[in-house]
Amino acid sequence: GTNAEAGEQTYSLRPREGSGATQPVLVRNKLVDARFLEPDLPVHVAPKFTFDKDKVKVVPVNELSALSAEQAKDLCFVVIGGGKTGMDAAVYLQSSLQVAAESILWVVPNQAWITARENIGSCLQLLHTTCALAKQRSEA
């Protein structure tokens, strides 16, 4: 529903994955759609670049496990992305498949940054913790 005078509007949010009930959310001021911050996972999204499919095989990182060291020994690899998945791919190619560093081209952004996630949990847990800490500081 909408309360135009107060600038309020209720939206229905549903879980992205799995089952779960739709939750109503009352927006009092402004709704910010931050979905553009979500990563494009190669397993779900087609590459955003062109390539000759007869000469280049593009696969998501999890498909590297289907290769043996023998199959990988004469191949060249291009790892795109400087995040944790890109790092995992480069390490896996060198350690598990014994691919020489000279056979790996790693494309990373000029200004990469990594967040240590081991103590963060889910995004909602992080948001809850951040709000709780902000409230504690404001009350101090």
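This one's a predicted model, so the numbers in the text were calculated from it and none came from an experiment. (Residues numbered from 1 in each chain as written. Predicted model: local features only at pLDDT ≥ 70, side-chain atom pairs only at ≥ 80, totals over all residues. Heavy atoms only, no water.)

As for the pairing of strand S5 (residues 104–107)
In this sheet, S5 lies alongside strand S4 (residues 77–80) in parallel orientation, the contact comprising four bridges. Considered in S5, the bridge of Val-79 is made with Trp-106. Between the parallel pair S4 and S5, the chain is carried across by helix H2 (residues 84–95), and the sense of this crossover is right-handed. (Pairing = 2+ DSSP bridges. Helix = DSSP H or I, 4+ residues; strand = E, 2+ residues; numbered from the N terminus. Right-handed = clockwise from strand over helix to strand, strands pointing away.)

Considerations on the nonpolar core
Membership of the largest hydrophobic core is limited to nine residues, which are Leu-64, Ala-72, Phe-77, Val-79, Ala-89, Leu-93, Leu-97, Val-99 and Ile-104. Where this core is concerned, the elements lending two or more residues are S4 and H2. When sequence neighbours within four positions are dropped, the list of residues in contact with Ala-72 reads Leu-67, Phe-77, Leu-97 and Val-99. (Core = buried A, V, L, I, M, F, W, Y, C linked by side-chain atoms within 4.5 Å. Buried < 20%, exposed > 50% of the residue type's maximum accessible area, 1.4 Å probe, protein only. Contact = heavy atoms within 4.5 Å.)

Comments concerning helix H3 (residues 123–139)
Relative to the 24 Å expected for 17 residues at 1.5 Å per residue, H3 spans 24 Å between its end C-alpha atoms, a close match to the ideal helical length. Burial analysis of H3 places just zero of its 17 residues in the buried class, which makes it a mostly uncovered element. (Expected span 1.5 Å × (residues − 1).)

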